[in-house]
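# Observations on chain architecture
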Amino acid sequence: MQYLLMIYGDEAAMAAVTEAEGGKMLAAYGAYAEAMGKAGVLQGGNRLRPTSASTTVRIANGKTTVLDGPYIETKEQLGGYFLIDVPDLDAALSWAERCPGASTGVIEVRPIWTM
Amino acid sequence: MTAARLTAEAVARDSYGKLIAWLVARTGDLAGAEDALSDAFAAALAEWPEAGVPDNPRAWLATVARRKQLDQLRRRRTRRDAAGHLALLANEFDTARAGPADIPDERLALMFVCAHPAIDAAVRAPLMLRTVLGLDAASIASAFLIAPATMGQRLVRAQTRIKVTGIPFRVPEPEELPDRLEAVLDAIYAAFAAGWTDPGGTEVRRRDLAVEAIWLGRLVVSLLPAAPEALGLLALMLYAEARRATRRGAAGEYVPLAEQDPKAWDQTMIGEAETLLHRAGAMGMAGRFQLEAAIQSAHVVRRLTGRSDWVAIERLYAALEAVTDSPVVTINRAIAVAETRGVEAGLAVLGSVAGDKRVLEYQPYWAALAGLLARAGAVSASDDAYRRAIGLEPDPAVRQFLTAKRAGLKGINPPASS
């Protein structure tokens, strides 16, 4: 089954990290992604720019509205994701647990809806 | 009642969970397995009276249910990955045609599915009763004091969740087993408690639930004989069940543990509980259920010695306090301390939870406080505490008991008006 691991974290705290800390975090994500790749479960993944770079679009009454900023303003925002293919939820949860973001924020695990 | 119906009911009682586990093992579709099995039971009731009851009714039901499952898969195949499903169909079809000589017992895996951490803790016990024992939503709803329609929705939602989130059908690996087993045992205990809280034993469904929970406890023990907490839970439930009949007097009045007649306790059940607890203790891994069972053991020793072993009870509650962080445990320890070291010492322990918001609406806290204050001669304060306890108690028999205790204070000294 395919699952999306969505990494939520505090953007302000993320922006405030020192260069050394940021380097360590990147290295941890690098090792994590490599481990998933070697295990043959990694299908894709990316880091997202902060919500200050977000733009939302919606059409209401035939009129398109474009707004700067995220859909919902919250302290913890989606900062990145991994798409993995594993046998079941337990396997997905054990990968989520190993994600560096799990110790600084929250990982939401959602199954992909196969059509 | 016909022989066909009797046989079908007997198979349902003994094998419902086994059949469901076998059906769900490869599809992961709990709701589908239930539908298939209920279709198979319907077919049995239609065919057996005419054709006669088959030699192996369980295998007959398994084969028919498997065929119903194949029909489900065929209907659904169109919208999904066709190749994968065709392979599965071929596989399933071989099994169905061969017919199961005897189906393997995979109920343990089924219980782990029901108590998976991704399932809402409140629905785990109902789900287990539904899935492993085949109880209907209405019976479960009445035991958990929930509207049948609401319970039905919760069960369906949980079953859907198992399927779409991909919760695996397997017994967890040894390193994750202790945590995962705790969730299974908690769910069984919740089912037992739902049956136990009908102290009058007037509602047959709820009383039955305690019996069903003990049955589930036995099942886990038989499938995981080396798990000490599973033994502890079964022992705990048996100690409690052994005293069920003595919790009420002839006129339905509430009888506290200290005033129950030990001769009326079920000695066979207590004997079995003692053996189980001893076995668990020999494994050298204490846990919450073993500690609670040991406390029961120290209470029922009264049937031999005439007195509860309060020194052991105090020590066991202290150990339990360290693993649970529950003010309920502290309240019980305070009662034990009052027995071993005097009322003032007991009141001091009770005072340590007085600021805890969780006890403000907890009847046993106020009843314990009232009892100890009365023994310390603080009649007016005791009277206040009894009033709080009475106001919080939903069971009329217990209310009556507390009211009588409160009235008894007048014998000590007239209480301040309140």
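The residue numbering used here restarts from 1 in each chain and proceeds along that chain's sequence as written. The lettering of chains begins at A and the numbering of ligands begins at 1, in the order of writing. Local features in a predicted model are, by the rule used here, given only for residues with pLDDT of at least 70; side-chain atom pairs are given and counted only at 80 or more, and totals for whole chains, interfaces and linings are based on all residues. To get the side-chain values, take all heavy atoms of the structure and skip hydrogens and water.

The criterion used for residue contact is that any of the two residues' heavy atoms lie within 4.5 Å. Taken together, the contact pairs ten residues of chain B with eight residues of chain A. Accessible-area loss on putting two parts together, using a 1.4 Å probe and summing over both, is the definition of buried area adopted here. Overall, the association of chain B and chain A removes approximately 710 Å² of surface from exposure, summing both partners, and the carbon and sulfur fraction of that is 55%. Whenever a carboxyl oxygen of Asp or Glu lies within 4 Å of a side-chain nitrogen of Lys or Arg, that contact is scored as a salt bridge. Taken together, chain B and chain A are joined by two salt bridges. For D90 of chain A, the salt bridge goes to R170 of chain B, with nearest N and O atoms at 3.0 Å.

Our next topic: the environment of V211 of chain B. The topology assignment puts V211 of chain B in helix α10 (residues 204–223). Along the chain, V211 of chain B and P394 of chain B lie 183 residues apart, while their C-alpha atoms are 24 Å from each other. Numbering of helices and strands starts at the N terminus; helices are DSSP runs of H or I of at least 4 residues and strands are runs of E of at least 2.

What follows is about the pairing of strand β1 (residues 2–10) of chain A. Residues and elements named next belong to chain A. The criterion for strand pairing is that DSSP finds at least two bridges linking the strands in question. Here β1 pairs with strand β5 (residues 76–85) via nine bridges, running antiparallel. Bridging across to β5, D10 finds its partner in E76. Sheet topology places β1 next to strand β6 (residues 106–111); six bridges connect them, and they run antiparallel. In the strand pairing of β6, M6 is matched with E108.

A word on the pattern of salt bridges. A complete count under the given rule lists 24 salt bridges over all chains for this structure. Of the charged contacts, one joins D71 of chain B and R74 of chain B as a salt bridge, the two residues approaching to 3.3 Å between their closest N and O atoms. On the criterion of helical spacing, the pair formed by D71 of chain B and R74 of chain B is a turn pair, its members being three residues apart in helix α3 (residues 57–77). A single network of salt bridges, built from pairs that share partners, joins D90 of chain A together with R170, E176 and R180 of chain B.

Here we take up the sheet that holds strand β2 (residues 42–47) of chain A. Residue and element names in this part refer to chain A. Read from one edge of the open sheet, four strands run β2-β5-β1-β6, paired in antiparallel fashion. Single-partner strands in this sheet number two, and they are β2 and β6. With direction set aside, neighbouring strand axes in the sheet form an average angle of 20°. Lines are fitted to the C-alpha atoms to define the axes, a helix being fitted only along its stretch in contact, and any angle between axes, read from their N-to-C directions, falls within 0 to 180 degrees.

Take the side chain of Q77 of chain A next. Residue and element names in this part refer to chain A. Within the secondary structure, Q77 is located in strand β5. Burial here depends on accessible area, computed with a 1.4 Å probe over protein chains only, as a share of the maximum for the residue type. Under 20% is buried, over 50% is exposed, and the range in between is partly exposed. Looking at Q77, the relative accessible area reads 9%, which means it is buried. Here I72 takes part through its backbone oxygen, which lies 2.9 Å from a polar atom of the side chain of Q77. With sequence-adjacent residues up to four places away left out, Q77 is seen in contact with I7, Y8, G9, E11, T51, P70 and I72. Polar contacts, as used here, are pairs of N or O atoms within 3.5 Å; protein pairs need one atom able to donate a hydrogen and one able to accept it. Residues neighboring in sequence count only if both atoms are side-chain atoms.

Quick look at the packing of aromatic side chains now. Within 6.5 Å between ring centres, the rings of Phe, Tyr and Trp (the latter by its six-membered ring) count as paired, and their orientation is classed by plane angle as stacked under 30 degrees, edge-to-face over 60, tilted in between. A full pass over the atoms with the stated rule returns eight aromatic pairs over all chains. An angle of 80° between the planes, with centres 5.3 Å apart, marks the rings of Y32 of chain A and F82 of chain A as edge-to-face. With a gap of 50 residues between them, Y32 of chain A in helix α2 (residues 19–38) and F82 of chain A in strand β5 connect regions that are remote in the sequence. Between Y189 of chain B and F289 of chain B, the ring centres sit 5.6 Å apart and the planes meet at 70°, which makes this aromatic pair edge-to-face. Of this pair, Y189 of chain B sits in helix α9 (residues 177–196) while F289 of chain B sits in helix α13 (residues 288–300); the two residues are 100 residues apart in sequence, bridging distant segments of the chain. Judged by relative accessible area, Y189 of chain B falls into the partly exposed class, the value being 23%. The buried category is assigned to F289 of chain B, whose relative accessible area is 2%. Two limits define a charge over a ring: the Lys NZ or Arg CZ must be within 6 Å of the ring centre, and within 35 degrees of the ring normal. Looking at R66 of chain B, its charged tip hangs above the ring of W22 of chain B, at a distance of 4.5 Å from the centre. Directly above the ring of W366 of chain B sits R388 of chain B, whose terminal nitrogen or CZ lies 4.1 Å from the centroid.

Residues and elements named next belong to chain B. Helix span, expected: 1.5 Å multiplied by one less than the number of residues in the helix. Taking 1.5 Å per residue, 14 residues should reach 20 Å; helix α19 (residues 379–392) reaches 20 Å between its end C-alpha atoms and fits that length. Those residues of α19 that fall on the buried side of the exposure criterion are V379, S382, D383, A385, Y386, A389 and I390. Seen from one end, α19 has its buried residues packed into an arc of 165°, which puts them on one side. The arc refers to the directions leading from the helix axis to the C-beta atoms.

All right, on to the nonpolar core then. Judged by nonpolar contacts, the single largest core of 122 residues is most densely connected at L5 and I84 of chain A together with M111, M128, V184, I188 and V220 of chain B. Ignoring sequence-local partners within four residues, the contact set of I188 of chain B consists of M111, M128, A213, L216, G217, V220, L233 and M237 of chain B. By nonpolar core is meant a set of buried Ala, Val, Leu, Ile, Met, Phe, Trp, Tyr and Cys residues that side-chain atoms within 4.5 Å join together. The next biggest cluster of nonpolar side chains, apart from the first, holds 28 residues, and it includes V353, V359, Y365 and A367 of chain B.

This brings us to the packing of helix α5 (residues 107–114) of chain B against helix α6 (residues 121–133) of chain B. Residue and element names in this part refer to chain B. Where α5 contacts α6, the two axes come as close as 9 Å, and the packing angle between them is 150°. Considering the angle they form, α5 stands roughly antiparallel to α6. For the pair α5 and α6, the sense of crossing is right-handed. Together, R107, L110, M111 and C114 of α5 and R124, L127, M128, T131 and V132 of α6 make up the contact between the two elements. Any residue outside Ala, Val, Leu, Ile, Met, Phe, Trp, Tyr, Cys, Pro, Asp, Glu, Lys and Arg is labelled polar, Gly included; the first ten of those are nonpolar and the last four are charged. Across the contact of α5 with α6, the residue classes tally to six nonpolar, one polar and two charged. Here is the rule for angles: anything less than 35 degrees is roughly parallel, anything more than 145 is roughly antiparallel, 65 through 115 is roughly perpendicular, and the remaining ranges are oblique. Crossings are classed by handedness, with left-handed meaning an anticlockwise turn of the near helix from the far one by less than a right angle and right-handed meaning a clockwise turn.

A few words on unusual backbone geometry. Although it is not a glycine, N61 of chain A sits at a positive phi angle of roughly 50°. Here N61 of chain A lies in the loop between β3 (55–60) and β4 (63–68). Assessed through its relative accessible area of 83%, N61 of chain A is described here as exposed. Positive phi, close to 50°, is recorded for D325 of chain B, a residue that is not glycine. In this fold, D325 of chain B is placed in the loop between α15 (310–324) and α16 (327–341). On the accessibility criterion, D325 of chain B (59% relative accessible area) is exposed.

Our focus in this paragraph is the confidence of the model for chain B. pLDDT is a residue-level measure of predictor confidence that goes from 0 to 100. On average, residues of chain B carry a pLDDT of 87, and 89% of them reach 70 or more. Here the prediction assigns the complex a pTM of 0.82, and the interface score ipTM is 0.81.

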